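# Descriptive structure summary
So you can see what is in the structure, the chains are spelled out below.
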Amino acid sequence: METVVVIVGAGPAGLATSVCLNQHSVPNVILEKEDIYASLWKKRAYDRLKLHLAKEFCELPFMPHGRDVPTFMPKDLFVNYLDAYVARFDIKPRYNRTVKLSTFDESNNKWRVEAENTVTGETEVYWSEFLVVATGENGDGNIPMVNGIDTFPGEIVHSSGYKSGRDFNGKNVLVVGGGNSGMEISFDLCNFGANTTVLIRTPRHVVTKEVIHLGMSFLKYVPVTMVDTMVTTISNLVYGDLSKYGLLRPKQGPFATKLFTGKAPVIDVGTVQKIREGEIKVINGGIGSIKGKTLTFENGHEQDFDAIVFATGYKSSVCSWLQDYEYVMKKDGFPKAPMPKHWKGEKNLYCAGFSRKGIAGAAEDAVSVADDISSVLAAIKN
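Keep in mind that this is a model prediction, so the values were computed, not measured. (Residues numbered from 1 in each chain as written. Predicted model: local features only at pLDDT ≥ 70, side-chain atom pairs only at ≥ 80, totals over all residues. Heavy atoms only, no water.)

### Observations concerning the sheet that holds strand β16 (residues 307–310)
Across the sheet, five strands lie side by side as β7-β16-β8-β9-β12; this open sheet has parallel pairing. Edge positions in the open sheet fall to β7 (155–158) and β12 (280–284), since each of these has one partner strand only. Direction aside, the axes of adjacent strands within the sheet are offset by 20° on average. With five bridges joining them, strand β8 (residues 172–176) and strand β9 (residues 195–200) adopt parallel strand pairing. Within the sheet, the bridge partner assigned to V175 lies in β9 and is V198. Contacts from helix α4 (residues 180–191) reach β8, β9, β12 and β16, with the element oriented near 170° to β9. (Pairing = 2+ DSSP bridges. Helix = DSSP H or I, 4+ residues; strand = E, 2+ residues; numbered from the N terminus. Axes fitted to C-alpha atoms, helices over the stretch in contact; angles between N-to-C directions. Contact = heavy atoms within 4.5 Å.)

### Re α4
Because an α-helix packs 3.6 residues into every turn, residues spaced three or four apart end up facing the same way. The end-to-end C-alpha distance of α4 is 17 Å, a good match for the 16 Å that twelve residues give at a rise of 1.5 Å each. Among the twelve residues that make up α4, ten are buried, leaving the element largely enclosed by the rest of the structure. Turning to α4, its buried residues are N180, G182, M183, E184, I185, S186, F187, D188, L189 and C190. Looking at the buried residues of α4, the elements they touch are β8, β9, β11 (266–267), α8 (271–276), β12 and β16. Where α4 terminates, the next one or two residues include G193, which has phi positive at roughly 90°. (Expected span 1.5 Å × (residues − 1). Buried < 20%, exposed > 50% of the residue type's maximum accessible area, 1.4 Å probe, protein only.)

### Focus on the packing of helix α6 (residues 224–239) against helix α7 (residues 254–261)
Two elements in contact, α6 and α7, have axes separated by 7 Å at closest approach and are oriented at 125°. By the angle between their axes, α6 is oblique relative to α7. Side by side, α6 and α7 meet where V224, V227, D228, V231 and T232 of the first sit next to P254, F255 and A256 of the second. Its residues assigned to classes, the contact of α6 with α7 comprises six nonpolar, one polar and one charged. (Parallel < 35°, antiparallel > 145°, perpendicular 65-115°, else oblique. Nonpolar A, V, L, I, M, F, W, Y, C, P; charged D, E, K, R; others polar.)

### Regarding a nonpolar patch on the surface
Side chains of L259, F260 and M339 sit close together on the surface and give an oily, nonpolar patch of about 310 Å² of accessible area. By secondary structure assignment, the location of M339 is in the loop between α9 (318–321) and β18 (349–351). A relative accessible area of 37% means that M339 is categorised as partly exposed. (Patch = residues over 30% accessible without salt bridge, like charges linked within 9 Å, V, L, I, M, F, W, Y side chains within 5 Å. Areas by Shrake-Rupley, 256 points an atom, 1.4 Å probe, with all protein chains shown as cover. Salt bridge = Lys/Arg side-chain N within 4 Å of Asp/Glu carboxyl O.)

### Structural notes on the packing of aromatic side chains
Tallied over the full model, the rule gives 13 aromatic pairs. Relative to Y327, the ring of F104 lies with its centre 6.5 Å away and its plane at 80°, an arrangement referred to as edge-to-face. Note that F104 is positioned in strand β3 (residues 97–105) and Y327 in the loop between α9 and β18, a separation of 223 residues in sequence. Residue Y327 is classed as buried on the basis of its relative accessible area, which comes to 15%. (Phe/Tyr/Trp six-rings, centres within 6.5 Å; stacked < 30°, edge-to-face > 60°.)

### Some words on the sheet that holds strand β15 (residues 302–304)
Spatially, three strands are ordered β13-β14-β15 in an open sheet, and the strand pairing comes out antiparallel. Two strands close off the open sheet at either side, each with one partner strand: β13 (287–291) and β15. If you compare each strand with its neighbour and ignore which way they point, the axes differ by 25° on average. Where β13 meets strand β14 (residues 294–297), four bridges bridge the pair, whose relative direction is antiparallel. What sits directly across from K291, in β14, is T294.

### Brief notes about the pattern of salt bridges
Where side chains of opposite charge bring their charged atoms close, a pairing between them can arise. Under the criterion given, the structure shown has 18 salt bridges. Across the salt bridge formed by R97 and E124, the nearest N and O atoms sit 2.9 Å from each other. Highlighted residues: R97 in strand β3 and E124 in strand β5 (residues 123–133), separated in sequence by 27 residues. Each of the two residues, R97 as well as E124, counts as buried. If you follow the salt bridges from partner to partner, you end up with E34, D35 and K43 in one network.

Structure, rendered in structure tokens:
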């Protein structure tokens, strides 16, 4: 099949890119490996999830949220928004298409994309002038290799497969990772009666959702260093010194840390209070080894657990199928060009949803990519 643009991935970035291309009347096809769009939100999000950012930072092009929508949306409401977006713009991804290989054909200056139809087992070949990688930052769940992990008799789950703490009542559960997912899952487990311990390796800023909303609003007009100073000062007033509870703060400000490392501040949902009260235990460092139910930590501490939840992020799978990834990506599957032109590569290769700015970043990328493709096509015609 031939088309002008092939988009790989039907998450928010892919959907938005398709809509923006359609606004320019540019034909495009979305290939999605799952049987549904936005599979991260529809299949891999835990039950109690609420969007940590205000609604104005969680909307896609050409469809703002209504006034009746709460500032901070629960997951289901955002999924309803995505459903309405797909219906309104009549987006029709090709589902159950797992891209196996994509290469740039120098002989005709086009991209060749091989996708397996996982329903029929057939291999489909797509040719396009442009290729957009929209698989997003959250690719495959990352569970680190730990010495002896295969001897652990209990349940091991990645945060993408975690739904609720109701099945862990009375169990000793370790949550590995002190980011937003790890801290919120710890809170959920504790609420369902699990004996919860969270393992935190790296320092993280802890803020309220209202403070982060304020900071993001100020970022439109004020340098990041000033915003970071304001947010850090307010957080100090709200939480005080949390280091005695094992919650260490980075030297760099929260927004600068996010910008340069991709690590977002922890938006507290009530976890800090439970840590203060001793309901959730904190261990700093990493896991040294596992032997049966007993985990030995890098600090020498040993403890038995019934289950482990790895909230250890994701790894990009782009480089496994994009043979010519170096035109736009580094080996880690993230853009090689610095912001704000991170989305544009060579040979008409683009990426969307890799800016580490969440839904807002995906929306910005979609607009930029579609505008650029439209400009390239217009220049060719002229």
